[in-house]
Protein chains: 2
Amino acid sequence: MPQPLPFHKEGLLYLKITPPNGGFFYYIMKTMDQNYLQNLRHSCAHLLAKAVIELWPDAKNAIGPAITNGFYQDFDLGDIKISESDLPKIEGKMRAILKNWKPFEEKEVNLKEAEKLFVWNPYKVELAKEFAKAGKKLTVNNPGDFLDLCKGNHCKDPKNELKNFKLLSIAGAYWRGDEKNKMLTRIYGTYFPTKEELDKHLWQLEESKKRDHRKLGKELELFLISEQVGPGLPIFLPKGTIIKDLIEGYLTKVKKENGYVFVWSPHIARSKIYHTSKHWGKYEAMFNPMKLDKEEYVLKPMNCPHHFQVYLNKPRSYKDLPFRISENGTVYRNEKSGEVSGLVRVRAVTIDDTHTVLRLDQISDELEKVLILIKGIFDRFGFSDYKARVSVSDSKTPEKYLGSREAWEKAEASIKAIAEKLFKDASVGIGEAAFYGPKIDVLVKDSLGREWQLSTVQLDYNQPENFNMTYVDEKGKDVRPAILHIAMVGSIERFIGILIEHYAGVFPLWLSPIQVEIIPISDKHLKYSQEIKNLLANDGFRAELNKENKTIGYKIRQSALKKVPFMIIIGDKEIESYKVNKVYKVSVRTREGKDLGMMDIIKFKALLKAKIEKYL
Amino acid sequence: MPQPLPFHKEGLLYLKITPPNGGFFYYIMKTMDQNYLQNLRHSCAHLLAKAVIELWPDAKNAIGPAITNGFYQDFDLGDIKISESDLPKIEGKMRAILKNWKPFEEKEVNLKEAEKLFVWNPYKVELAKEFAKAGKKLTVNNPGDFLDLCKGNHCKDPKNELKNFKLLSIAGAYWRGDEKNKMLTRIYGTYFPTKEELDKHLWQLEESKKRDHRKLGKELELFLISEQVGPGLPIFLPKGTIIKDLIEGYLTKVKKENGYVFVWSPHIARSKIYHTSKHWGKYEAMFNPMKLDKEEYVLKPMNCPHHFQVYLNKPRSYKDLPFRISENGTVYRNEKSGEVSGLVRVRAVTIDDTHTVLRLDQISDELEKVLILIKGIFDRFGFSDYKARVSVSDSKTPEKYLGSREAWEKAEASIKAIAEKLFKDASVGIGEAAFYGPKIDVLVKDSLGREWQLSTVQLDYNQPENFNMTYVDEKGKDVRPAILHIAMVGSIERFIGILIEHYAGVFPLWLSPIQVEIIPISDKHLKYSQEIKNLLANDGFRAELNKENKTIGYKIRQSALKKVPFMIIIGDKEIESYKVNKVYKVSVRTREGKDLGMMDIIKFKALLKAKIEKYL
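Definitions and cut-offs
Residues numbered from 1 in each chain as written. Chains lettered and ligands numbered in written order. Predicted model: local features only at pLDDT ≥ 70, side-chain atom pairs only at ≥ 80, totals over all residues. Heavy atoms only, no water. Helix = DSSP H or I, 4+ residues; strand = E, 2+ residues; numbered from the N terminus. Contact = heavy atoms within 4.5 Å. Areas by Shrake-Rupley, 256 points an atom, 1.4 Å probe, with all protein chains shown as cover. Lys, Arg positive; Asp, Glu negative; His and termini not counted. Charge placed at Lys NZ, Arg CZ, Asp CG, Glu CD. Least-squares fit on C-alpha atoms with pLDDT ≥ 70 in both. Buried < 20%, exposed > 50% of the residue type's maximum accessible area, 1.4 Å probe, protein only. Expected span 1.5 Å × (residues − 1). Polar contact = N/O pair within 3.5 Å; in protein donor to acceptor, adjacent residues only side chain to side chain. Axes fitted to C-alpha atoms, helices over the stretch in contact; angles between N-to-C directions. Left-handed = near helix turned anticlockwise from the far one by under 90°. Nonpolar A, V, L, I, M, F, W, Y, C, P; charged D, E, K, R; others polar. Pairing = 2+ DSSP bridges. Phe/Tyr/Trp six-rings, centres within 6.5 Å; stacked < 30°, edge-to-face > 60°. Buried area = accessible area lost by both parts, 1.4 Å probe. Salt bridge = Lys/Arg side-chain N within 4 Å of Asp/Glu carboxyl O.

Our next topic: the overall build of chain A. When helices and strands are counted, chain A shows 18 helices and 31 strands. Counting only C-alpha atoms, chain A reaches 90 × 80 × 60 Å along its principal axes. In chain A, of all internal contacts separated by at least 6 residues, the share reaching a separation of at least 24 is 69%. Per element, the accessible surface of chain A, about 28,600 Å² overall, is 51% carbon and sulfur. With 99 positive and 82 negative side-chain charges, chain A shows a spacing of 2 Å between the two charge centroids.

Shown next, in the form of structure tokens:
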């Protein structure tokens, strides 16, 4: 499990301190202003430029901006070849320079002066000319004795402020991002104001790399991306399919318990349905349509219009609402080949989709129920840190929003109240609502502290108009309902990708594709092992028998690598015991290496059952 | 439940006779030669023509062929309007004519004679001219006193042989099927050699109409066809989705118990994968491709190539085979709008698909296992009458088939042996095999005696070549495996359509979307009823509470119409009993109208559980 980590909240950084004499306390500091943080990172890029030029005097530095979590600096290295093994050397040089690095002195120059100062560096000259042409100020700075041209904005006390940096990687990058230009060498680095923050980030990077779901997905045989089928179109392998089915099954179960009904809809529709929904021409991720019988059909990019057909299938009364139509429905989005990745960004997206048709007076109650359900789901998957983001309309521009101001204000007030009631961390984005209704997103932190937006609950006054949906009220009058578009975990593919990294592939027992691996010590224990396997399989446990002709040590190590929660070792001892007592005995070890000793199979099954029932 | 019906087997007709004094016996007769049966039906068409012309002398008969189960006759009725209410009158006239109907006398004529004889009937003249031009014989016949022109082939003794006919319906039909021609009136009739066969057929027609899955699907709210989504693209409604999930769940369960693994694959692929599989350009039901990133993608028309990617994901050893890759995978086929219907012929087809990769020496064993599994599945759904059809190669044209003659002969011999061993009724079609391997189909009879082909097990030596699939044998050598393409029930949509008609919507308890309906006698019994509902729902039973403000009699009738297996009636008596004993009591009735009296809820749940566990 991860160590307790520093975390940010409301502009404060919390550091958990564990003194040697036990206990712990939080050291809380005000975190950096984000603009000043950018100055610090940008300053690191200058430091990097100087270090590289000191090491390789022929190097010419190009641009060096601050980026999320760090900075980079581009270089034209001419014939010099460097690799990531050079990074420690460069870092060492940076630290040596930093000791005597003077504060930045920004000085305005004219183009002529700049051309003269940077005669050795065509990149700076090109930038200087461009800045001058655009009427921008030309600034040079020379902290220490390193002259550089840049847009300005640096830190105040480099020597003391720039300590917590780290170089990360090297990549190629075309000058100005244009492939017609020369390929430069880009060095990436990270910087944080405190060592704790830097360490956390480095740990996250390291862990993320180890847990990369694309890597683990391959190692654990969860899914594959086939060149023949195409990018962004993962095929779930048998073990991945077990996880997918368990997740969908769990979501379906809790939704059914909460009054949701399930439907199944095809993956295509007549194009015209998206004219009715008014997505046509506006929704960019739609695939090209297909002609059939002189008509156009298209892959569905969302499930809503299909679900509305279910509502429209017969007259509905006020008593039938809320009507919660659910489906784990696969939709198709034409993401570019270059933009798809693993399970997190795909073209075949299975949404845990619900469209709840409801009366306006039911919005508040229903929202609260939905959000409680969502929190329960996150708890189930071990996400304990979540927050809500409410997107509301801007009252200064009421003309931008569909429906009465009164309805909006009422709905927004109740969404805000519910968000505050249910979430310790709830924020409001004014003017962030879509024209057709306010929404609430739920974001979770995974075990690495990375934040993911998973749930969206979107209120919609528009589609009931587009599809002419009504219900009959107490007085027999036709009334327009509202709709909640609900995705609790969002894309199932993406959720599985996140879970793989969240658990680092060490799935809880209930989600493990194989729950028990049975390892006979030698071939003479195979028959008894098979009997054990059958006993477990008959009770619905996912057991696998390892028939490999390898040493017991090797098989135990392999099983641990496969992250199978329990191993059963079968040898003479277990079989002898059976012969004497006619009770099946098994020796059990956990994937963490704990030896639970020999036990009755009944007891072992009870142990498994108890854990699975609690979703452990 | 259906009455015992006459059935055909091996050219014999079996009639079950139930004497008044109890017991039963079978009356067995040799059934008709199929060609002679066509003569009889064609003769009926003449009889129909004469009757109509006698009733409406201006009517002109066009063609009148025999068809499956009967015959039709087209008429130009000029200004005369007839409807199906006229059919009894026409039938009466036919019976009156039949009494004195003489045997057919066929007489050859030349075109001139024909033109003269049929000067009143331009259709016959047009046909006569065409026959003459094609050098065909012109034959007239005049049984009784009715002169007709036709292709010949009539029955011998019309008066005695033609008794068992029945007119069925009227439709419009263009002369010669061409919409540029005049619309004629087509009268359909049926004919069988025996009254028993006719009665069975009429009963089947009547029952089929009552059970029509399109009608029941609507009444029972199982699925809908939406104009906006498109023809052939059914959406399963909540109740239909429960049935679909239960069927897929059952199939998945038994397959998993038998060593099948499940995968999930997307619904599109790069077009090029179907070049590899060599379906491109040959498989007509493929949708048009879609362009994306300068590449072509297409809706998958079958799951095979996706499943092969799973096999190809890593090296496989002889020990890994048979490798059984399964998926309830939805494929898309571009059937014409006019050809799709209900669930039986659709564009979105979910196949219970398996691709088993296996060694040649495993074919025989695996085939036997598959067919035993298939038989078990049919038994589960109450299909007790099934037969096998083996399609083998033609040894006279060995060049037409891929792979060695020896492999074919061995495989065919084992398929035939297994079919004969497992099926009382197994037939062999020589030359019916595809070029890439022999296959076996399983056909079942539903409760109406109608035959449906559901399963196909196709051996394939070709795709392992196309996809370069191999395994490593005992000696470390790469060897080409074979593949079994297996669909056990075929299209899930079609299977559900067949099941709706097979059960006439009266699903067994385990498949019923609602298993128990709870009916409170009045509003004051609502709270207790809700408690009962929760008790049932908590144990996983599908219970629904009827809150309608209607009389108890009405609600009971409605529940029976919805074909809900059990009704629970809650009134004062049940609540009083609870107050005294603190044990929940319920009064139970079955959908067949049987009153099971008041019982403890525990007992009722046990009753449900016992039935469901037995798939009753």
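Now that the structure has been shown, we can carry on.
All right, on to the relation of the copies chain A and chain B then. For these two chains of identical sequence, chain A goes onto chain B by a turn of 180° and a shift of 0.1 Å along the axis, with RMSD 0.2 Å. The two molecules are tied by a two-fold rotation axis, judged by turn and shift. Across chain A, the smallest distance between a C-alpha and the rotation axis is recorded for A:Met290, namely 3.5 Å. Of the residues that chain A buries at the interface, 100% are likewise interface residues in chain B, meaning the two copies contact each other through the same surface.

All names here are of chain A. Here Gly-597 shows up in strand 31 (residues 595-600). When its relative accessible area of 24% is taken as the criterion, Gly-597 is described as partly exposed. Separated by eleven residues in the primary sequence, Gly-597 and Val-586 place their C-alpha atoms 8.1 Å from one another. Ignoring any residue separated from it by four or fewer positions in sequence, one finds Gly-597 in contact with Val-586, Ser-587 and Val-588.

In this section: helix 14 (residues 492-503) of chain A. Residue and element names in this part refer to chain A. Given a rise of 1.5 Å per residue, twelve residues ought to cover 16 Å, and the 16 Å separating the end C-alpha atoms of helix 14 matches this to within 8%. Helix 14 sits mainly inside the fold: twelve of its twelve residues count as buried. Those residues of helix 14 that fall on the buried side of the exposure criterion are Ile-492, Glu-493, Arg-494, Phe-495, Ile-496, Gly-497, Ile-498, Leu-499, Ile-500, Glu-501, His-502 and Tyr-503. At the N-terminal boundary of helix 14, the capping side chain belongs to Ser-491, with an oxygen 3.3 Å from the backbone nitrogen of Glu-493. Within two residues after helix 14, Ala-504 carries a phi angle of roughly 55°, on the positive side.

Once that is clear, we can look at unusual backbone geometry. Of the consecutive residues A:Leu321 and A:Pro322, the connecting peptide bond is found in the cis state with omega at -5°. Within the secondary structure layout, A:Pro322 lies in the loop between helix 10 (304-312) and strand 18 (323-332). Positive phi is not limited to glycine here, since B:Arg176 has a value of about 65°. The residue B:Arg176 is located in the loop between strand 10 (165-174) and strand 11 (183-191) in this model.

Let us look at the packing of helix 8 (residues 238-257) of chain B against helix 11 (residues 363-380) of chain B. Residues and elements named next belong to chain B. Closest axis-to-axis distance for the helix 8/helix 11 pair is 11 Å, and the angle between their directions is 145°. Helix 11 is crossed by helix 8, and the crossing has right-handed handedness. Residues Tyr-250, Leu-251 and Val-254 of helix 8 lie in contact with helix 11, whose contacting residues are Leu-373, Gly-376, Ile-377 and Arg-380. Looking at side-chain class alone, the contact of helix 8 with helix 11 contains five nonpolar, one polar and one charged residues.

A word on the pairing of strand 17 (residues 295-299) of chain B. The two faces of a sheet get side chains in turn, since along a regular strand they alternate between them. All names here are of chain B. Here three bridges tie strand 15 (residues 268-270) to strand 17, and the two strands are oriented antiparallel to one another. Directly across from Ala-269, in strand 17, lies its bridge partner Val-298. Looking at chain direction, strand 16 (residues 290-292) and strand 17 are connected through three bridges and run antiparallel. Bridged to Lys-291 within strand 17 is Glu-296.

The subject of this paragraph is the packing of aromatic side chains. Residue and element names in this part refer to chain A. On inspection of all chains with the given rule, the structure shows 50 aromatic pairs over all chains. Aromatic side chains Tyr-311 and Phe-323 sit 6.3 Å apart centroid to centroid with 50° between the ring planes, which places their arrangement in the tilted category. Here the residue Tyr-311 occupies a position in helix 10, and Phe-323 occupies one in strand 18, the gap between them amounting to twelve residues. Ring centres 4.3 Å apart and planes at 25° place the aromatic pair Tyr-578 and Tyr-584 in the stacked group.

Right, let's get into the interface of chain A and chain B. Of the residues lining the interface, 53 residues belong to chain A; the matching set on chain B comes to 53 residues. Taking both sides of the interface into account, the surface hidden between chain A and chain B amounts to around 4,900 Å²; carbon and sulfur atoms contribute 59%. The largest share of the area that chain A buries against chain B comes from A:Gln228, A:Trp264 and A:Leu292, three residues that together contribute 15% of it. Applying the counting criterion to the chain A and chain B interface returns ten salt bridges. Its salt-bridge partner being B:Asp293, residue A:Arg347 comes within 3.2 Å of it at the nearest N-O pair. If you look at where chain A meets chain B, you find 29 residue pairs in polar contact (both at pLDDT 80 or more).

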